[in-house]
Amino acid sequence: MDALLEWSWLIIAFPLLGLLINLISTGYTRERMAGIVASMAAAASFGMALMVFAALLSRPPEARLVEVTLYQWAIVPPLTAEVGLRIDPLSIAMALIVTLVGTLIHVYSIGYMAGDPHIRRFFMFLNLFLASMLLLVLADNFLILFVGWELVGLCSYLLIGFWFETPYNAWAGRKAFIVNRIGDFGFTLGLLLLFWTFGTFRYGPIFEAAEHGAVEAGVATLITLLLFAGVTGKSAQIPLYVWLPDAMAGPTPVSALIHAATMVTAGVYLIARAHPLFELAPLTQGVITLVGAATALWAALIAIGQFDLKRVLAFSTISQLGYMVAAAGAGAVGAAIFHLGTHAFFKALLFLGAGSVIHALEHAHRHHPDASPFDPNDMRRMGGLARRMPITFWTFGIGAAALAGLPPLAGFWSKDEILAALGKAGGWTALAYGLLVAAAFLTAFYMTRQVAMIFAGAPRSAAAGHAHESPAVMTVPLMIFAFFSVGVGWINAPGLGALSAWLEPGYPPVFHPEQALLATLVALAGIGTAWAIYRPQAWPEGVEDPLRPALRGFFTALTRKLYVDELYDVLFVRPFERAARAVADVVEPYGIDGAVHAVARLVGSLASGVRRWSSGYVRQYGLSVLIGAVLLVFYILWMLR
Amino acid sequence: MTLFGYPIPILTLITFTPLLGAGIIALTPRDSVRLHRGLALFFSLIPLVLSAWLWLNLDLDQPGFQFVERAVWFPQVNANYYLGVDGLSVMLIFLTALLTPLGVLVSFNITEDPRTYFALFLALETGILGVFVSLDLLLFFLFWELGLVPMYFLINNWGAPERRHYAALKFILYTMAGSLGLLLGIQLIWAALGGMQGGTFDLLEVSRRWPALQGTLAGVPMEVVKAIVFWAFVIAFAIKVPVWPFHTWLPDAHTEAPTAGSMILAGILLKLGAYGFLRIVFPLFPTESTRFAIALALLATAAIVFGAYAALGQRDFKRLVAYSSVNHMGFVVLGIAVAGYALGNPAVRDYALIAVNGAALQLFAHGLSSAAMFALVGVVYDRTHTRDLEAYGGLWTRMPIYGGILIYCAMASVGLPGLAGFVAEYMVVQGSWPVFTTLTAIAMLGLLITGAFITKAIQKVLHGPLNPRWARLPEISAREILAVAPLMVFMLLTGLWPAWIVPTLNATLARLFG
């Protein structure tokens with residue numbers, strides 16, 4: 001079995017192989033085969049991850065760490081870096097989540113993207129996305145993690161702007177790229193400092209040094225805060241979460257991939273991976289916990305005022321990432337990864353369910369167009385889809401319930417573990433706990449609102465009235481994800497605790513009945529409140545949203561995402577662009593080049609007799625070269641005299 | 001390597017084969033265009049093959065210069081035809097020999113007097129290669145000037161119609177202003193070292209004698225003479241790099257030059273300045289270099305930030321790419337500044353070695369990415385006859401392969417990990433961080449702005465709805481792909497496995513610090 005571990009780089013290589021095959025394949029069938037090739041590559045990667053997992057499982061818990069060094073990357077002593085993989089419970093758990101969810105999304109995309117003229121490009125990007133994420137997860141040092149980190153950013157840029165003919169999509173991709181680079185600015189500084197502090201990028205020696213207290217607390221705080229800046233970009237936390245709601249401009253499977261398995265989980269993984277480092281910096285941990293909890297509540301609040309069904313899910317992702325970040329910040333790494341895993345399944349389910357709804361509405365609209373402007377994402381123009389799309393309805397409902405945290409679905413167990421971990425600590429963590437409980441209420445509220453608006457009552461548009469269930473290639477992945485959304489929470493349920501035993505042997509998951517009861521009651525209260533407001537009987541016809549009259553101006557603010565984009569625009573984006581234009585249009589031509597021209601004029605006026613020579617005519621230039629050469633010859637002869 | 005018992009003068013062969021080709025092309029009939037192209041390609045491929053051989057046969061463990069050729073050239077002033085290479089110059093020779101045939105390939109669509117064009121283009125290569133092989137200061141200067149003249153004519157006669165005369169004149173006057181000081185400095189060194197009695201242009205001998213030289217020259221204290229020569233050299237090389245704020249000739253020359261001319265300008269000519277710092281300024285002026293290193297680092301940071309800002313504010317595609325060179329060469333200067341600082345501060349030599357290796361690698365990486373970007377700008381310019389970013393839009397629809405290649409090269413230019421630019425820029429900042437911490441942190445802001453301007457370019461050119469003006473635009477041709485593909489291969493190779501090239505550079509640069 002150990003020989004197998006040496007081959008674990010194949011997990012990353014398979015998606016790259018898929019990319020390569022699609023890149024060089026030619027001929028008529030290549031567009032139709034692209035999805036199949038890419039899906040098989042993803043599945044092979046999952047299979048390999050499974051085998052590596054089995055090989056690791058067969059070892060005793062204390063021997064479940066294998067480092068595979070592939071090759072030397074660059075050597076200028078003392079700067080050394082290897083391309084190497086770290087196969088341990090955490091990285092393999094992540095790899096399994098990424099490849100399993102990724103594979104299912106690949107398969108779903110075959111149906112969703114069928115007929116798209118650029119389908120081959122789509123699957124190439126999707127494969128690259130998967131490979132980049134796997135590189136990030138499996139790397140054995142911070143530098144290679146950063147390579148994966150940036151490549152993931154590139155893929156999201158390419159895929160969010162995949163339908164680039166629409167300027168908004170291209171803009172959204174660019175926004176994601178630039179906002180992530182702001183975070184990466186901090187991350188890179190952290191990386192520089194990290195290397196000069198520890199003299200290596202490798203996790204093993206760094207964590208060992210950290211555990212032996214070989215690093216000052218101040219330095220550790222600075223490093224971790226800088227790394228966390230990167231996390232706020234990648235994992236969409238305050239203040240850099242603004243790219244994620246626009247990231248749903250990409251095709252829906254991409255949204256599912258970004259929100260569930262790849263990209264946004266990278267930041268949580270980083271904190272979990274480097275937790276020995278973060279534990280040296282209590283200040284950073286406090287900041288992370290509070291930022292995470294505040295993000296959870298803030299995003300949940302905004303989600304209430306959204307009408308775009310994917311945008312609701314986007315804000316719910318930000319909110320749920322807040323839970324994970326808060327937990328990871330508080331040192332509850334197991335709980336964070338557990339929630340990351342369960343969230344991957346039910347969020348993928350919700351996005352693919354949303355994709356099924358959008359697909360159905362677009363199809364219906366094509367056959368039954370009505371006069372009003374059509375937006376397949378607008379929940380105000382849906383309603384009554386439960387009867388017309390039963391599979392989508394039931395699976396989406398399961399996903400929503402899992403997200404809301406209803407027992408015994410997946411989200412219940414993992415969210416509970418986070419709350420339990422935060423609840424027992426005091427001080428600032430207690431504040432974070434309070435924020436997260438409030439966010440749990442809002443989560444249940446907005447998911448109920450969403451389900452009610454999409455599926456309950458009567459159709460509010462011709463398209464919704466004529467929608468049909470999606471084809472099997474789309475509904476089967478939905479059912480698989482629904483199955484996992486129900487069942488996956490049990491892997492770390494009390495008494496079983498398989499995930500904890502895997503990640504942190506000797507620390508079984510804690511279960512506090514009173515905590516579980518509280519969380520369930522909060523969720524039920526959220527559902528009840530939302531249903532009271534949004535049930536069809538309570539919702540008069542012609543009212544856009546029953547909450548608007550109740551909240552008035554505040555609801556408008558919520559629909560405008562609390563004006564954060566506008567604020568950033570005024571504070572950062574426009575001054576930034578103005579500065580660029582000022583440099584390009586004023587400083588360069590009139591300032592610097594103006595000085596150059598002034599010097600040229602000065603020289604010219606000092607030697608006005610010679611000025612006519614620099615008229616730009618080649619013949620005159622040639623003459624001056626000749627004269628210069630003659631003078632040079634005389635000069636040399638004089639030297640030699 | 002010997003042939004029939006005689007050593008083969010490999011460096012002479014590499015350097016003068018293009019000039020021979022230029023001469024042969026000049027003798028061919030004026031209208032046999034295919035012959036001109038074929039000859040140009042053939043004579044530019046020979047140095048490529050030879051320089052690859054040269055690299056493979058370079059002995060990294062051997063200190064000093066290799067493949068040395070020496071012949072008496074100008075005995076009266078003790079100037080010699082003295083050639084030799086080490087790791088740094090071999091890398092740059094290879095880069096030159098790689099970019100020239102690709103530039104020839106790009107230039108196949110030149111219709112206006114292709115005979116003269118290709119002859120000049122090959123003569124240009126000889127001028128550049130000569131700089132990299134020269135170990136004699138007078139010879140160095142000769143080749144340095146030799147490269148300017150063909151480039152002037154390439155811009156002036158084959159450039160974009162609107163402002164080519166202005167750009168060509170600005171290019172030649174600005175650089176000549178710099179090289180005037182270079183000539184003066186070289187002569188002062190010769191005179192100070194004894195003039196007719198023991199004066200020398202031999203770079204190795206000068207490096208040994210000059211830094212410790214005391215006394216006076218024509219009544220002027222040696223300290224003053226050294227300061228004059230130092231600044232004369234620094235300004236000459238700073239204009240060439242260009243170091244901010246001596247850069248304003250660059251956007252004009254790069255933008256107005258024909259595509260292949262821009263490739264060579266950005267890909268290699270800028271590297272001459274950095275090469276001058278490493279090869280001449282540092283060995284000759286260790287004390288002065290240390291003293292002014294902080295100023296140089298400051299200017300490097302200004303170049304990185306303001307260059308990126310200026311690129312972001314451009315409306316002209318080619319000008320945007322040109323300004324990105326100011327930004328990327330800023331990282332080279334930063335690495336060089338760290339090395340200069342370390343000359344007098346042995347404590348930071350470990351850091352400086354990393355930074356200066358990064359700077360040298362950045363010469364290679366930027367040579368690849370800037371040449372590729374200019375070639376790709378040329379591809380759309382040839383089809384649309386505009387460089388206005390607002391005039392494009394949605395070209396990816398018409399040119400799917402072109403779009404993929406453009407994004408790939410743009411990402412290499414922006415320093416995406418996995419491609420060459422990242423390794424180089426990362427090594428520079430990693431090395432400069434402990435030495436100039438604040439400046440490095442500010443320079444990293446440039447990373448943010450580069451991301452903004454390169455995605456702006458992609459958005460304006462490729463994204464959005466297809467502008468109906470370009471509804472019949474043809475896809476990138478096989479010839480054009482062939483001109484970029486080798487660069488893409490080297491970008492990926494260097495990004496994934498920089499160890500193929502870094503040891504060559506390190507072997508040379510490590511000796512910079514004795």
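What counts as what
- All residue numbers refer to position in the chain's written sequence, counted from 1.
- By the order in which they are written, chains take letters starting at A while ligands take numbers starting at 1.
- In keeping with the predicted nature of the model, local features appear solely for residues at pLDDT of at least 70, side-chain atom pairs appear and are counted solely at 80 or more, and the whole-chain, interface and lining totals rest on all residues.
- Just so you know, side-chain values use all the structure's heavy atoms and leave hydrogens and water out.
- Note on conventions: DSSP H or I runs of at least 4 residues are helices, E runs of at least 2 residues are strands, and numbering of each starts at the N terminus.
- Computation of the radius of gyration draws on C-alpha atoms, with the globule rule given as 2.2 Å multiplied by the number of residues to the power 0.38.
- Categorising residues by exposure relies on relative accessible area from a 1.4 Å probe, with only protein chains included: less than 20% of the type maximum marks a residue as buried, more than 50% marks it as exposed, and the intermediate range marks it as partly exposed.
- We call two residues in contact whenever any of their non-hydrogen atoms come within 4.5 Å of each other.
- Simply put, the buried area is the total loss of 1.4 Å probe accessible area from both parts when two parts are fitted together.
- The term salt bridge refers to a pairing of a side-chain nitrogen on Lys or Arg with a carboxyl oxygen on Asp or Glu at a separation within 4 Å.
- Within 3.5 Å is the distance limit for a polar contact, defined as a pair of N or O atoms, with the added protein rule that one can donate a hydrogen and the other accept it, and that residues adjacent in sequence qualify only through two side-chain atoms.
- Residues were grouped as follows: Ala, Val, Leu, Ile, Met, Phe, Trp, Tyr, Cys and Pro as nonpolar; Asp, Glu, Lys and Arg as charged; and all remaining residues, including Gly, as polar.
- Disulfide assignment relies on a single distance test, namely cysteine sulfur atoms paired within 2.5 Å.
- Only centres within 6.5 Å qualify two rings of Phe, Tyr or Trp (six-membered ring in Trp) as a pair; their planes then separate them into stacked at under 30 degrees, edge-to-face at over 60, and tilted for everything else.
- Both a distance and an angle decide whether a charge sits over a ring: NZ of Lys or CZ of Arg must be within 6 Å of the ring centre and within 35 degrees of the ring normal.
- Each patch is assembled from residues with relative accessible area greater than 30% and no salt bridge, linking like charges that lie within 9 Å and nonpolar side chains (Val, Leu, Ile, Met, Phe, Trp, Tyr) that lie within 5 Å.
- Under the convention used here, a 1.4 Å probe and the Shrake-Rupley method define accessible areas, while residue burial counts only the protein chains that appear.
- We define a nonpolar core as any set of buried Ala, Val, Leu, Ile, Met, Phe, Trp, Tyr and Cys residues linked to one another through side-chain atoms lying within 4.5 Å.
- Here, strands pair whenever DSSP counts at least two bridges between them.
- Fitted lines through C-alpha atoms give the axes, limited to the stretch in contact for helices. The angle between two N-to-C directions lies from 0 to 180 degrees.
- The labels follow the angle: roughly parallel below 35 degrees, roughly antiparallel above 145, roughly perpendicular from 65 to 115, and oblique for the rest.
- By convention the crossing between two helices is left-handed if the near helix lies anticlockwise of the far one by an angle smaller than a right angle, and right-handed if it lies clockwise.
- An expected span of 1.5 Å times one less than the residue number is assigned to each helix.
- The source of the domain bounds is an automatic or database domain assignment.

## Let's talk about the overall build of chain A
Here comes step 1: Each helix and strand counted, chain A has 29 helices and two strands in total.
Here comes step 2: In terms of overall size, chain A behaves like a compact globule, its C-alpha atoms giving a radius of gyration of 29 Å where 641 residues would be expected to give roughly 26 Å.
Here comes step 3: Dimensions of chain A, computed from the C-alpha atoms along their principal axes, are close to 105 × 65 × 60 Å.
Here comes step 4: Here chain A, with 641 residues, has 59% of them falling under the buried criterion.

## So, the interface of chain A and chain B
Here comes step 1: Across the boundary between the two partners, chain A contributes 59 residues, which contact 76 residues of chain B.
Here comes step 2: Across the chain A/chain B interface, buried area totals approximately 5800 Å², and carbon plus sulfur atoms make up 74% of it.
Here comes step 3: Salt-bridge contacts for A:Asp593 lead to B:Lys170; the nearest nitrogen and oxygen are separated by 2.6 Å.
Here comes step 4: Summed over the shared surface of chain A and chain B, the number is 17 residue pairs in polar contact (both at pLDDT 80 or more).
Here comes step 5: Secondary structure elements with two or more residues in the side of chain A that touches chain B: strand E1 (66-76), helix H5 (119-138), helix H6 (142-160), helix H7 (167-198), helix H27 (564-606) and helix H29 (618-640) of chain A.
Here comes step 6: With 16 residues, the single largest contributor to the side of chain A that touches chain B is H7(A).
Here comes step 7: Tallied by class, the residues present in the side of chain A that touches chain B amount to 45 nonpolar, five polar and nine charged.

## Observations concerning the environment of B:Ala410
Here comes step 1: On the secondary structure map, B:Ala410 appears in helix H16 (residues 400-414).
Here comes step 2: Once the C-alpha coordinates of B:Ala410 and B:Ala443 are considered, the two residues, 33 residues apart in sequence, prove to be 20 Å apart.

## Overview of the state of the cysteines
Here comes step 1: In total, this model carries zero disulfides over all chains according to the counting rule given.
Here comes step 2: We note that A:Cys155 lacks a disulfide partner, and the nearest cysteine sulfur, in B:Cys409, lies 17 Å from it.
Here comes step 3: Judged by its relative accessible area of 0%, B:Cys409 is buried.

## Here's the deal with unusual backbone geometry
Here comes step 1: Residue A:Ile238 is joined to A:Pro239 through a cis peptide bond whose omega torsion reads 5°.
Here comes step 2: Along the chain, A:Pro239 turns up in the loop between helix H9 (217-234) and helix H10 (243-247).
Here comes step 3: The omega torsion of the bond from B:Trp244 to B:Pro245 falls at 5°, within 30 degrees of zero and hence cis.
Here comes step 4: By the element assignment, B:Pro245 lies in the loop between helix H8 (222-240) and helix H9 (249-256).
Here comes step 5: Positive phi, normally seen in glycine, also occurs at A:Met263, with a value near 60°.

## So, the packing of aromatic side chains
Here comes step 1: Under the definition given, this model contains 65 aromatic pairs over all chains.
Here comes step 2: Taken together, a centroid distance of 5.7 Å and an interplanar angle of 25° make the contact between B:Phe140 and B:Trp144 stacked. With B:Phe140 and B:Trp144 both in helix H5 (residues 137-158) and four residues apart, this pair spans about one turn of that helix. In this pair, the class of B:Phe140 matches that of B:Trp144, namely buried.
Here comes step 3: Among the aromatic side chains, those forming a connected cluster through ring pairs are A:Trp73, A:Phe146, A:Trp149, A:Phe187, A:Phe195, A:Trp196, A:Phe201, B:Tyr351, B:Phe422 and B:Tyr426.
Here comes step 4: One Lys or Arg, A:Arg121, reaches over the ring of B:Trp396 and ends 3.9 Å from the middle of that ring.
Here comes step 5: Geometry around A:Tyr323 places A:Lys415 over its ring, the cationic atom sitting 5.3 Å from the centre.

## Some words on a nonpolar patch on the surface
Here comes step 1: Side chains of A:Trp7, A:Trp9, A:Leu70, A:Tyr71, B:Leu492, B:Leu493, B:Leu496 and B:Trp497 sit close together on the surface and give an oily, nonpolar patch of about 710 Å² of accessible area.
Here comes step 2: Elements with a contribution of two residues or more to the nonpolar patch: E1 of chain A together with helix H19 (478-496) of chain B.
Here comes step 3: Note on placement: B:Leu493 falls in helix H19.

## A closer look at the nonpolar core
Here comes step 1: Ranked by internal contacts, the top residues of the largest apolar core, which has 451 residues, are A:Phe142, B:Trp210, B:Phe233 and B:Phe317.
Here comes step 2: Here this core takes 21 residues from helix H14 (residues 349-384) of chain B, the largest share from any one element.
Here comes step 3: Excluding anything up to four places from it in sequence, B:Trp210 contacts B:Ile189, B:Ala192, B:Leu193, B:Val225, B:Lys226, B:Val229, B:Leu284 and B:Phe285.

## Section: the pairing of strand E2 (residues 79-87) of chain A
Residues and elements named next belong to chain A.
Here comes step 1: Within E2, eight of the nine residues are buried, which leaves it mostly tucked inside the rest of the structure.
Here comes step 2: As paired elements, E1 and E2 share nine bridges and run antiparallel to each other. The residue of E2 that forms the bridge with Val-68 is Leu-85.
Here comes step 3: Joining the antiparallel neighbours E1 and E2 is a turn of two residues.

## Description of the packing of H14(B) against H19(B)
Residues and elements named next belong to chain B.
Here comes step 1: Remark: H14 packs on H19, axes separated minimally by 10 Å, with the N-to-C direction vectors making an angle of 150°. Relative to H19, H14 is oriented roughly antiparallel. Two packed elements cross with a definite hand, and for H14 against H19 that hand is left-handed. Contacts between H14 and H19 involve Leu-361, Phe-364, Leu-368, Ser-369, Ala-371, Ala-372, Ala-375, Leu-376, Val-379, Asp-382 and Arg-383 from the first element and Glu-480, Val-484, Leu-487, Phe-490, Met-491 and Thr-494 from the second.

## A closer look at the environment of B:Ile189
Residues and elements named next belong to chain B.
Here comes step 1: Relative to the elements of secondary structure, Ile-189 occurs in helix H6 (residues 164-192).
Here comes step 2: Judged by its relative accessible area of 0%, Ile-189 falls in the buried class.
Here comes step 3: Measuring from C-alpha to C-alpha, the distance between Ile-189 and Thr-2 comes to 36 Å, with 187 residues separating the pair along the chain.
Here comes step 4: Other than its neighbours up to four places away in sequence, Ile-189 contacts Leu-137, Val-206, Trp-210, Val-229, Phe-233 and Leu-284.

## What to know about the side chain of A:Ser109
All names here are of chain A.
Here comes step 1: Among the structural elements, Ser-109 can be located in helix H4 (residues 89-112).
Here comes step 2: For Ser-109, a relative accessible area of 0% corresponds to the buried category.
Here comes step 3: The contacts of Ser-109, once residues within four sequence positions are left out, are Ala-114, Phe-122, Phe-123, Leu-126 and Pro-253.

## Looking at the pattern of salt bridges
Should the charged atoms of two oppositely charged side chains come close, the side chains can pair.
Residue and element names in this part refer to chain A.
Here comes step 1: Within this structure, the stated rule accounts for 31 salt bridges over all chains.
Here comes step 2: Between Arg-86 and Glu-67 there is a salt bridge, with the nearest N and O atoms lying 3.6 Å from each other. Of this pair, Arg-86 sits in strand E2 while Glu-67 sits in strand E1, and the two are 19 residues apart along the sequence.
Here comes step 3: Residue class for Arg-86 comes out buried when judged on its relative accessible area of 10%.
Here comes step 4: Here Asp-569 and Arg-574 are joined by a salt bridge, their closest N and O atoms 3.0 Å apart.

## Regarding H9(A)
Residue and element names in this part refer to chain A.
Here comes step 1: End to end, H9 covers 25 Å across 18 residues, agreeing with the expected 26 Å (1.5 Å per residue, within 8%).
Here comes step 2: For H9, the full list of buried residues reads Ala-220, Thr-221, Ile-223, Thr-224, Leu-226, Leu-227, Phe-228, Gly-230, Val-231, Thr-232, Gly-233 and Lys-234.
Here comes step 3: Downstream of H9 by a residue or two, Ala-236 has a phi angle that is positive, lying close to 50°.

## A word on the domain arrangement of chain A
Residues and elements named next belong to chain A.
Here comes step 1: The assigned domain composition of chain A is domain 1 (1-280), domain 2 (290-548) and domain 3 (567-640).
Here comes step 2: Summed over both sides, the interface between domain 1 and domain 2 buries roughly 3800 Å², with carbon and sulfur atoms accounting for 80% of that surface.
Here comes step 3: The largest contributions to the domain 1 side of the interface with domain 2 come from Tyr-108, Met-248 and Val-268, which together make up 17% of the buried area.
Here comes step 4: Joining domain 1 to domain 2, the criterion identifies one salt bridge.
Here comes step 5: In this structure, the salt-bridge partner of Asp-246 is Arg-311, at a minimum N-O distance of 4.0 Å.
Here comes step 6: Where domain 1 meets domain 2, there are eleven residue pairs in polar contact (both at pLDDT 80 or more).
Here comes step 7: Counting residues per element, the ones that place at least two in the side of domain 1 that touches domain 2 are helix H3 (30-57), H4, H10, helix H11 (252-261) and helix H12 (265-273).
Here comes step 8: No other element matches the 14 residues that H4 contributes to the side of domain 1 that touches domain 2.
Here comes step 9: When grouped by side-chain class, the residues that make up the side of domain 1 that touches domain 2 number 33 nonpolar, nine polar and two charged.

## Some details on H6(B)
Here comes step 1: Helix length check: H6(B), at 29 residues, gives a terminal C-alpha distance of 42 Å against a target of 42 Å (1.5 Å per residue), a fit within 8%.
Here comes step 2: B:Gly194 occupies a position one or two residues after H6(B) and carries a positive phi of about 130°.

## A closer look at the environment of A:Gly383
Residue and element names in this part refer to chain A.
Here comes step 1: Note on placement: Gly-383 falls in the loop between helix H16 (333-367) and helix H17 (385-388).
Here comes step 2: By relative accessible area, Gly-383 is classed as buried at 0%.
Here comes step 3: On a C-alpha basis, the gap between Gly-383 and Phe-455 in space is 5.0 Å, while along the polypeptide they are 72 residues apart.
Here comes step 4: Setting aside its immediate chain neighbours within four residues, Gly-383 contacts Met-453, Ile-454, Phe-455, Ala-456, Gly-457, Ala-458, Pro-459, Arg-460 and Ala-464.

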